[in-house]
Amino acid sequence: MVAIGVSPAIGIGQRALLVLTPHGNVLWDCTPILDEKTRSRILALGGIKAICLSHPHFYTGMVEWSEALGGVPILLPEADLAHVTRPSEHIQPWRGDHREVLPGIILHRLGGHFEGSSVLEWQAGADGNGALLVGDTMQVVPAKGWVSFMYSFPNLIPLPAREVRRIASRVADIRFDRIYGAWSDKFIASKAKDGVARSAERYIRLLES
């Protein structure tokens, strides 16, 4: 996997992640800009078969990325299409809770932060133990091995306990050991699945106490 970032940071400074597989490469989330050096490097690595995004806050630049790399399909959940500000023929809506992108690469719509908020399961990640690319559908927090769930991170508006319980139940069905968030310091290197379950239990307990 290759991390792609912009320095100095633009906007909230998120990174994109390029997942390399024998069946083709997938771009997870987008940075606001794409320069020629980065474009050339991506093409040298085999290009991209699909662009997938965690939620609408990272939609900026997705059409430019697609066009610059040859009209790559942009896979967006139908639930969040209302947030698209630049329509494109390259946008391919998907519905439901799961979408296989390539063999071993699966989108899961969890909701919460946005109705269509998603994570990307990379089955070969973490040395074959599975990795989850989460954007901020689940936010990796400073406490090591913990995540949080919010309706609005900037405004500190929590999700209701029922939503966190539903998300945790969905995540429990995914096999993974590692989490990669939207920023370089936001990751859980191992036992991430246990961390999500533990985090959800604490969150729900405190909301309902």
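Report on the accompanying structure. (Residues numbered from 1 in each chain as written. Predicted model: local features only at pLDDT ≥ 70, side-chain atom pairs only at ≥ 80, totals over all residues. Heavy atoms only, no water.)

**A word on the sheet that holds strand β9 (residues 118-122)**
Note the threshold: Two strands are counted as paired when DSSP detects at least two bridges linking them. Strands are runs of DSSP state E lasting at least 2 residues, helices are runs of H or I lasting at least 4, and numbering of each runs from the N terminus.
Read across the sheet, 6 strands follow the order β7-β8-β9-β10-β15-β16 without closing on themselves; strand pairing throughout is mixed. The open sheet has two edge strands with one neighbour each: β7 (98-102) and β16 (187-188). In terms of strand pairing, strand β10 (residues 131-135) meets strand β15 (residues 178-181) through 4 bridges, oriented parallel. Bridge pairing in β15 links L133 to Y180.

**Notes on helix α4 (residues 192-208)**
Put simply, the rule is: Helix span is expected to be 1.5 Å times the residue number reduced by one. Here the term buried applies to any residue with accessible area under 20% of the maximum for its type, exposed to any over 50%, and partly exposed to those in between, with areas from a 1.4 Å probe on protein chains only. When we speak of the arc, we mean the arc of directions from the helix axis to the C-beta atoms. We call two residues in contact when some of their heavy atoms are within 4.5 Å.
Here α4 contains 17 residues, and its C-alpha end-to-end distance of 24 Å stays within 8% of the 24 Å for a straight helix at 1.5 Å per residue. If you check which residues of α4 are buried, you get A192, G195, V196, S199, A200, Y203 and I204. What you see down the axis of α4 is that its buried residues fit within an arc of 155 degrees, all on one side. Residues of α4 that are exposed and point over 90 degrees away from its buried face: D194 and E208. Looking at the packing, one finds that the buried side of α4 touches β12 (147-148), β13 (150-152), β14 (157-158), α3 (161-171), β15 and β16.

**Describing the side chain of R15**
The line we're drawing: A 3.5 Å cut-off defines polar contacts: any pair of N or O atoms within that distance qualifies, except that in protein one atom must be a possible hydrogen donor and the other a possible acceptor, and neighbouring residues in sequence count only when both atoms are side-chain atoms.
For R15, the location among the structural elements is in the loop between β1 (2-4) and β2 (16-21). Of note is the side chain of R15, whose polar atom sits 3.3 Å from the backbone oxygen of G181. In this structure the side chain of R15 is engaged in a polar contact, spanning 3.5 Å, whose partner is the backbone oxygen of W183. If we ignore the near neighbours within four places in the chain, the residues touching R15 are A3, I4, D29, T31, Y180, G181, A182, W183, S184 and K186.

**So, the pattern of salt bridges**
As a reminder of what qualifies: Salt bridges are counted wherever a side-chain nitrogen of Lys or Arg sits within 4 Å of a carboxyl oxygen of Asp or Glu.
By the definition in use, this model includes 9 salt bridges. A salt bridge links R39 to E36, with the nearest nitrogen and oxygen atoms 3.1 Å apart. Placement of the pair is R39 and E36 together in helix α1 (residues 36-44), with a separation of 3 residues, close to one helical turn. Residue R39 is classed as partly exposed on the basis of its relative accessible area, which comes to 26%. With a relative accessible area of 47%, E36 lands in the partly exposed category.

**Topic: the sheet that holds strand β5 (residues 74-77)**
Using the following cut-off: All axes here are fitted lines through C-alpha atoms, helices being fitted over the stretch that makes contact, and every angle between N-to-C directions spans 0 to 180 degrees.
The 6 strands lie next to each other as β1-β2-β3-β4-β5-β6, forming an open sheet whose pairing is mixed. Every other strand in the sheet has two partners, leaving β1 and β6 (91-94) as the edge strands with one partner each. This sheet shows a mean twist of 25 degrees between the axes of neighbouring strands, independent of strand direction. In the sheet, strand β4 (residues 50-52) pairs with β5 via 2 bridges, with the strands oriented parallel. Bridge pairing in β5 links C52 to L75.

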